[in-house]
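One letter stands for each residue in the lines below.
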Amino acid sequence: MGPSRSFQNLLLLLLPLALALCSAAASGEASRRFWVENDTFWKDGAPFQIVGGDVHYFRIVPEYWKDRLLRAKALGLNTIQTYVPWNLHEPKPLSWEFKGFTDIESYLRLAHELDMLVMLRVGPYICGEWDLGGFPPWWTDGGEYYSQKSHHYYTAMEVLSSWCRQIENEFGSFGDDKNYLHYLVEVARRYLGNDIMLYTTDGGAIGNLKNGTIPQDDVFAAVDFDTGSNPWPIFQLQKEYNLPGKSAPLSSEFYTGWLTHWGERIATTDASSTAKALKRILCRNGSAVLYMAHGGTNFGFYNGANTGQNESDYKADLTSYDYDAPIREYGDVHNAKYKALRRVIHECTGIPLLQLPSKIERASYGLVEVQKVASLFDVIHNISDTLKVAFSEQPLSMELMGQMFGFLLYTSEYQEKHSSSILSIPKVHDRAQVFVSCSLGDVRKPRYVGIVERWSSKTLQIPSLSCSSNVSLYILVENMGRVNYGPYIFDQKGILSSVEIDGIILRHWKMHPVSLNAVGNLSKLQLIMQMTDAEASKVSIYGDSENKSQDVSLYLNEGISEEPAFYEGHFHIDSESEKKDTFISFRGWNKGVAFVNNFNIGRFWPAIGPQCALYVPAPILKPGDNVIVIFELHSPNPELTIKLVKDPDFTCGQ
């Protein structure tokens, strides 16, 4: 099944890049090549031991790419491994991105300049605690795994040349379609020739290796396993899935730490035991790739998620992808794990110890006051593209709405009973906040009712509003990150079932995609009006109800305390030299998303932790006025302040 004409056109655009990188790799020397023979890796005619580490370009601001690679080299690494996320490079069908965070050409050139081998994990599936395992969300028609979409992407990405190229990722954990793997190999050979070494990575167990390897295509089979495993019996098993003499022992994912989900304690691993486990590999001339050498940050909405025994057992990943790696999220290398691994690498391989990079300066810019700019309901018509607002008998998924990330507001109406009602949403992905108001009342100040979550109760009691008209129902659904591994990876978002009130299906839905692309302009709308107590007492929120004696001000205060709203703060930096890395502490806040100078630095959720502060790299900042916009889903810090501090904090919710 070959590539479409549009992809063939794309290849013509990218082919010069492939030629440039191949030329750079060869450096004009015909003798430069990489291969495996006599169960040993060879590079440029000499035996070569891979001492590598994953450093993902898309989790690091581009201005810091060289810095992080230098820190990896000082650790003793001679190889860099990175995933290539399809969803970042093709956010819309046939709309390709190769600038900024997606400028992979520049990243590979930097690695070449530092004389580091590159192991490129193109996928199309990457896992990596990344949204949908790297698949673009517009692709989530579950049965399409082996479709042209995957083939086309792979064809397009294959023109990014490196010496080592991974075919798929841990494919043996999911299936055993050898025809699919053979096709990807055919594409790779067609566009890159035979000098590029292709490899697979699978867990070091018989089932995984049997399903995921294709030695008959001369594709090297690497293994991964945890630091508690004895590596050499696994390397012996690895031999059975490589051609004779073609099984150099390689753990292509040697875990230096582990991932953390919201609501868990931060995952850490002991520096000494990690170093001892690495020593068991390297000192017997085995090869290993540290996963991770440097984790970085899940900026924006790209964090992944996991599930347990069923798809409702949902656990979203933190914004931080520190991973307890030797090079910390903010670049620190003056820590026990970095030093212990560095000593072992030097001891086992003889790689010279380079001078440790200097510490990256961080600044505490102090307390920043914020003010409320607008309630979501004040500005929903300003931040929701009218051309994308949709009407449907049943709720539509985010993907069908073209709202691939973030939030979608669903609205409908129902006829109220005299008593309270039961709202039921059997399937919501992932977290819904529910609001109601009388349809003829103040619909810009709906009343907060509660939360329906994917992982907990799917019903909610709605109190009676005693409306003279229908009740307007508002459901704000947050996509908290798509599942990136396991049987429930086809993870569509939004309301994925009917919605019922007292057993009756609600129909006639209106859906507003919430755009957060230009939150810096919200303050210009000037829609917030300060209401005096006298003005508040005149507001009719109950329509023509006789029940007007209720405490209106209490009603409004309750709504304000739990309404999604935007807050804005400013801080000043005197000069370019004063720009430093910093962290925004959200202690006292609840849950939301933060933007610095219109850059989405990620999600915060100190209410359950463990992450309290979000990393802000210095390149995001600027001399002069710096603007922080916070989209808080519930209630802000009562003091309406945040703190810009020097150090990360993983102690919230503990």
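Everything below is about the structure printed above this text.
Residues numbered from 1 in each chain as written. Predicted model: local features only at pLDDT ≥ 70, side-chain atom pairs only at ≥ 80, totals over all residues. Heavy atoms only, no water.

Visitor: I tried to follow the side chain of S397 on my own but got confused; where do I start?
Guide: Here S397 is to be found in the loop between β15 (390–392) and α12 (398–401). For S397, a relative accessible area of 6% gives the class buried. The residues touching S397, leaving out its near neighbours within four places in the chain, are Y410, Q492, K493, I495 and L496. (Helix = DSSP H or I, 4+ residues; strand = E, 2+ residues; numbered from the N terminus. Buried < 20%, exposed > 50% of the residue type's maximum accessible area, 1.4 Å probe, protein only. Contact = heavy atoms within 4.5 Å.)

Visitor: Can you walk me through the sheet that holds strand β20 (residues 447–453) in this structure?
Guide: The strands making up a sheet associate through hydrogen bonds between their backbones, and the pairing can be parallel or antiparallel. Judged by pairing direction, the sheet is antiparallel, and its 6 strands sit side by side in the order β15-β26-β16-β22-β19-β20 without closing on themselves. At either margin of the open sheet sits one strand with a lone partner, and together these are β15 and β20. Shown here is a sheet whose adjacent strand axes are inclined to one another by a mean of 25 degrees, direction ignored. As judged from the 8 bridges shared by strand β19 (residues 431–438) and strand β22 (residues 471–478), these two strands associate in the antiparallel manner. Residue R431 lies in a different strand from β22, and its bridge partner there is E478. (Pairing = 2+ DSSP bridges. Axes fitted to C-alpha atoms, helices over the stretch in contact; angles between N-to-C directions.)

Visitor: Is there a simple way to explain the sheet that holds strand β2 (residues 40–43) in this structure?
Guide: Ordered in space as β1-β2-β3, the 3 strands form an open sheet in which the pairing is antiparallel. Of all the strands in the sheet, the pair left with one neighbour each is β1 (34–37) and β3 (46–48). In this sheet, adjacent strand axes meet at a mean angle of 45 degrees when their direction is disregarded. As defined by bridge partners, β1 adjoins β2 across 4 bridges and the pair is classed as antiparallel. Counterpart to W35 in the pairing with β2 is W42.

Visitor: Mind showing me how you'd approach the state of the cysteines here?
Guide: Chemically, a disulfide is nothing more than a covalent bond linking the sulfur atoms of two cysteines. Taken as a whole and assessed by the stated rule, the structure comprises 3 disulfides. Two residues, C612 and C652, share a disulfide whose sulfurs are 2.0 Å apart. What sets the handedness of the C612 and C652 disulfide is the S-S torsion sign, and at about 135 degrees it is right-handed. Note that C612 is positioned in the loop between β30 (599–604) and β31 (613–616) and C652 in the segment after β33 (641–645), a separation of 40 residues in sequence. Accessibility classification places C612 together with C652 in one group, the buried group. (Disulfide = S-S within 2.5 Å.)

Visitor: For this particular structure, what's the right way to read the pattern of salt bridges?
Guide: Tallied over the entire structure, the rule returns 27 salt bridges. Residues R71 and D67 are paired through a salt bridge, measuring 2.8 Å at the closest nitrogen-oxygen approach. Separated by 4 residues within a single helix, R71 and D67 lie in helix α2 (residues 65–75), roughly one turn from each other. Residue class for R71 comes out buried when judged on its relative accessible area of 3%. Residue classification places D67 among the partly exposed residues on the basis of a relative accessible area of 21%. Each of D430, R454, D491 and K493 takes part in one network of salt bridges that share partners. (Salt bridge = Lys/Arg side-chain N within 4 Å of Asp/Glu carboxyl O.)

Visitor: Explain the nonpolar core here, please?
Guide: Generally speaking, soluble globular proteins have nonpolar side chains that are buried together. Core analysis: the largest hydrophobic core is formed by 125 residues, its most contacted members being F566 and I642. Broken down by element, the residue count for this core peaks at 6 residues, all from helix α10 (residues 336–349). Here I642 is in contact with G366, L367, V368, V370, I584, S585, F586, W589, I628 and I630, once residues within four sequence places are set aside. Within the second largest apolar cluster, 29 residues are counted, among which are A390, C467, V477 and L506. (Core = buried A, V, L, I, M, F, W, Y, C linked by side-chain atoms within 4.5 Å.)

Visitor: Is there a simple way to explain the packing of aromatic side chains in this structure?
Guide: For any pair of aromatic rings, the description consists of the separation of the ring centres together with the inter-plane angle of the planes. Applying the stated criterion to the full structure yields 42 aromatic pairs. Ring plane angle 85 degrees and centroid distance 6.2 Å describe the contact between Y57 and W65, whose orientation is recorded as edge-to-face. Residue classification places Y57 among the buried positions, given a relative accessible area of 0%. Centroid distance F586 to F604: 4.1 Å. Interplanar angle 0 degrees. Geometry classified as stacked. (Phe/Tyr/Trp six-rings, centres within 6.5 Å; stacked < 30°, edge-to-face > 60°.)

Take it as geometry only, folks, not as evidence of what the structure does.
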